[in-house]
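Listed below are the residues making up each chain.
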Amino acid sequence: MGPIDYIVVEFPGNRMTGEGLPILVDLVDRGLIRILDLLFVRKDADGSVVGMEIADFDGDGALDLAVFEGVSSGLLGEDDIEEAGKALEPGNAAGILVYENVWAAPFATALRRGGAQMVASGRIPVPAVLAALEETDAG
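Residues numbered from 1 in each chain as written. Predicted model: local features only at pLDDT ≥ 70, side-chain atom pairs only at ≥ 80, totals over all residues. Heavy atoms only, no water.

Trainee: Any chance you could explain the nonpolar core here in plain terms?
Mentor: Ranked by size, the top nonpolar core spans 10 residues in total: Leu36, Val41, Val49, Leu76, Ile81, Ala84, Leu88, Ala94, Ile96 and Val98. Taken together, the elements giving at least two residues each to this core come down to strand 2 (34–43), helix 2 (78–86) and strand 4 (93–100). No other element matches strand 4, which puts three residues into this core. With sequence-adjacent residues up to four places away left out, Ile96 is seen in contact with Ile7, Val8, Asp37, Leu38, Leu39, Val41, Leu76, Ile81 and Ala84. Met16, Ile35, Phe40 and Ala93 belong to the second largest nonpolar core, which has nine residues in total. (Core = buried A, V, L, I, M, F, W, Y, C linked by side-chain atoms within 4.5 Å. Buried < 20%, exposed > 50% of the residue type's maximum accessible area, 1.4 Å probe, protein only. Helix = DSSP H or I, 4+ residues; strand = E, 2+ residues; numbered from the N terminus. Contact = heavy atoms within 4.5 Å.)

The structure is reproduced here in structure tokens:
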């Protein structure tokens, strides 16, 4: 199994266009990732966090997320939804995506066979990388 990641993507004003969905489907179709869980939530004005139904985000009459209906490994629980809700502003919605990096599985397996083990991992935020690159270019 490859590394497992999660993302919480906030949509201000509950406005989801569905523009990123074809790219997500392409990543799955090419075998780069495997979606383990996909949930949508919204944070109401009173601060409560509630689940959202699959919707037609772009208004074309087709359910944009129908391909992901029923995707649930059970990894995400109510506590995860509440934790994601803490990051949201009231009146906004979010998608919570848990996925396996399938592309990395053969690499990880080879490392384990050789006796290696991961001792740290993390993610560098894109704005930090861009700022560092700009600073390098300026220097």
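Trainee: Explanation requested: the side chain of Glu100 in the structure shown.
Mentor: Position of Glu100 among the secondary structure elements: in strand 4. You can call Glu100 buried: its relative accessible area is 6%. A polar contact is formed between the side chain of Glu100 and the backbone nitrogen of Gly2, at a distance of 2.7 Å. Contacts of Glu100, omitting those with residues within four sequence positions, involve Met1, Gly2, Pro3, Ile4, Leu32, Ile33, Arg34, Leu36 and Ala105. (Polar contact = N/O pair within 3.5 Å; in protein donor to acceptor, adjacent residues only side chain to side chain.)

Trainee: Quick question: what am I supposed to make of the sheet that holds strand 4 here?
Mentor: What links the strands of a sheet is backbone hydrogen bonding, and the strands pair in either a parallel or an antiparallel sense. Spatial ordering of the open sheet is given by 1-4-2-3, a layout of four strands whose pairing is antiparallel. On the outer flanks of this sheet lie strand 1 (4–11) and strand 3 (49–51), each paired with one strand and no other. Taken over all neighbouring pairs, the strand axes of this sheet differ in orientation by 25° on average, direction set aside. Relative to strand 4, strand 2 runs antiparallel, the two sharing eight bridges. (Pairing = 2+ DSSP bridges. Axes fitted to C-alpha atoms, helices over the stretch in contact; angles between N-to-C directions.)

Trainee: What is the right way to look at the environment of Gly74 in this model?
Mentor: For Gly74, the location among the structural elements is in the loop between strand 3 and helix 2. Take Gly74: its relative accessible area is 55%, and that puts it in the exposed class. For the pair Gly74 and Asp37, spaced 37 residues apart in the sequence, the C-alpha separation amounts to 7.3 Å.

Trainee: I tried to follow the pattern of salt bridges on my own but got confused; where do I start?
Mentor: Tallied over the full model, the rule gives five salt bridges. For Lys86, the salt bridge is made with Glu83, and the minimal N-O distance between the two is 3.4 Å. Of this pair, Lys86 and Glu83 both sit in helix 2, three residues apart, which is roughly one turn of that helix. (Salt bridge = Lys/Arg side-chain N within 4 Å of Asp/Glu carboxyl O.)

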